[in-house]
Every structure is written in C-alpha cells, then in structure tokens.
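This is what each chain is made of:
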Amino acid sequence: MPPMLIEGLIPRGGLVMISADPYVGKTFLGLEAARAVGSMSPFLGKFQTWGGQVLFVEEDSPDWDLGKQFIKL
C-alpha cells in the first residue's frame, strides 16, 4: 500500500476526486478531509491522518453556501 494521508482513503502524492449525486455530502466530506489532514487529526473522528498541505478546489456551490459548510466544521 502506498504512503497515505488518510488511512485507507487518500494516498500521499495522489489525486483524489469525490464524485456522487447532488446533495449527498461531497463538499462536507472534502472539507472534513482537508481539515483532518491540515490539522493532523482523525478523519471523521476515526481514521488516522498524516499531515500535509491542502488545496481545496470547489466549484459547485456559491460562496455563501461554502461558508456555511466551513462554519459547520
């Protein structure tokens, strides 16, 4: 198994795309992954993370909606 950023989910040096139907939680999942890696804390409170830099690119939601997601985290 390659070195990981999130245990069993995101490989270090890899590229991950989250894709699913609308309104199922993709943005929230991506933000939680970014938060966990950036802070070196467990992903979803369960999966081990290894620290790294994070670039989060989101293009589906208006800025105010993304801001609401950040506040929830």
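Residues numbered from 1 in each chain as written. Predicted model: local features only at pLDDT ≥ 70, side-chain atom pairs only at ≥ 80, totals over all residues. Heavy atoms only, no water.

1. As for the packing of aromatic side chains
Then, number 1: A full pass over the atoms with the stated rule returns 1 aromatic pair.
Then, number 2: Ring centres of Phe43 and Phe47 lie 6.3 Å apart, and the angle between their planes is 40°; this geometry places the pair in the tilted category.
Then, number 3: Phe43 sits in the buried class, given a relative accessible area of 4%. (Phe/Tyr/Trp six-rings, centres within 6.5 Å; stacked < 30°, edge-to-face > 60°. Buried < 20%, exposed > 50% of the residue type's maximum accessible area, 1.4 Å probe, protein only.)

2. Some words on a nonpolar patch on the surface
Then, number 1: Taken together, Val16, Ile18, Leu29 and Leu44 make up a surface patch of nonpolar side chains, about 320 Å² in accessible area.
Then, number 2: By secondary structure assignment, the location of Ile18 is in the loop between strand 2 (10–11) and helix 1 (26–39). (Patch = residues over 30% accessible without salt bridge, like charges linked within 9 Å, V, L, I, M, F, W, Y side chains within 5 Å. Areas by Shrake-Rupley, 256 points an atom, 1.4 Å probe, with all protein chains shown as cover. Salt bridge = Lys/Arg side-chain N within 4 Å of Asp/Glu carboxyl O. Helix = DSSP H or I, 4+ residues; strand = E, 2+ residues; numbered from the N terminus.)

3. Some remarks on the confidence of the model for the chain
Then, number 1: Here the chain averages 85 in pLDDT, and 97% of its residues register 70 or above.
Then, number 2: By mean pLDDT, helix 2 (residues 63–72) is the weakest element of the chain at 74, and strand 1 (residues 4–6) is the strongest at 91. (pLDDT = per-residue confidence, 0-100.)

4. Structural notes on the environment of Ser41
Then, number 1: Turning to its location among the elements, Ser41 is positioned in the loop between helix 1 and helix 2.
Then, number 2: Note: C-alpha distance between Ser41 and Val16 (25 residues apart in sequence) is 19 Å.
Then, number 3: Looking at Ser41, its side chain comes within polar contact range of the side chain of Ser39, at 2.7 Å. (Polar contact = N/O pair within 3.5 Å; in protein donor to acceptor, adjacent residues only side chain to side chain.)

5. A short note on the pattern of salt bridges
Then, number 1: With the rule as written, the count across this model stands at 1 salt bridge.
Then, number 2: A salt bridge links Glu32 to Arg35; its shortest N-O distance comes to 2.8 Å. Of this pair, Glu32 and Arg35 both sit in helix 1, separated by 3 residues, roughly a single helical turn.
Then, number 3: Overall, the relative accessible area of 30% leaves Arg35 in the partly exposed class.

6. A few points about the nonpolar core
In summary, soluble globular proteins display a tendency toward joint burial of nonpolar side chains.
Then, number 1: One finds Leu5, Ile6, Ile10, Ala33, Ala36, Val37 and Phe43 forming the largest nonpolar core, which totals 7 residues.
Then, number 2: Those elements that provide at least two residues to this core are strand 1 and helix 1.
Then, number 3: When residues of this core are assigned to their parent elements, the largest contribution, 3 residues, is made by helix 1.
Then, number 4: Contacts of Ala36, omitting those with residues within four sequence positions, involve Ser41, Pro42, Phe43 and Thr49. (Core = buried A, V, L, I, M, F, W, Y, C linked by side-chain atoms within 4.5 Å. Contact = heavy atoms within 4.5 Å.)

7. Focus: the packing of helix 1 against helix 2
Then, number 1: Closest axis-to-axis distance for the helix 1/helix 2 pair is 10 Å, and the angle between their directions is 50°. Our classification of the angle between helix 1 and helix 2 gives oblique. For the crossing formed where helix 1 meets helix 2, the hand is right-handed. For the pair helix 1 and helix 2, contact is made by Thr27, Phe28 and Leu31 and by Leu66, Gln69, Phe70 and Lys72, respectively.
Then, number 2: Tallied by class, the residues present in the contact of helix 1 with helix 2 amount to 4 nonpolar, 2 polar and 1 charged. (Axes fitted to C-alpha atoms, helices over the stretch in contact; angles between N-to-C directions. Parallel < 35°, antiparallel > 145°, perpendicular 65-115°, else oblique. Left-handed = near helix turned anticlockwise from the far one by under 90°. Nonpolar A, V, L, I, M, F, W, Y, C, P; charged D, E, K, R; others polar.)

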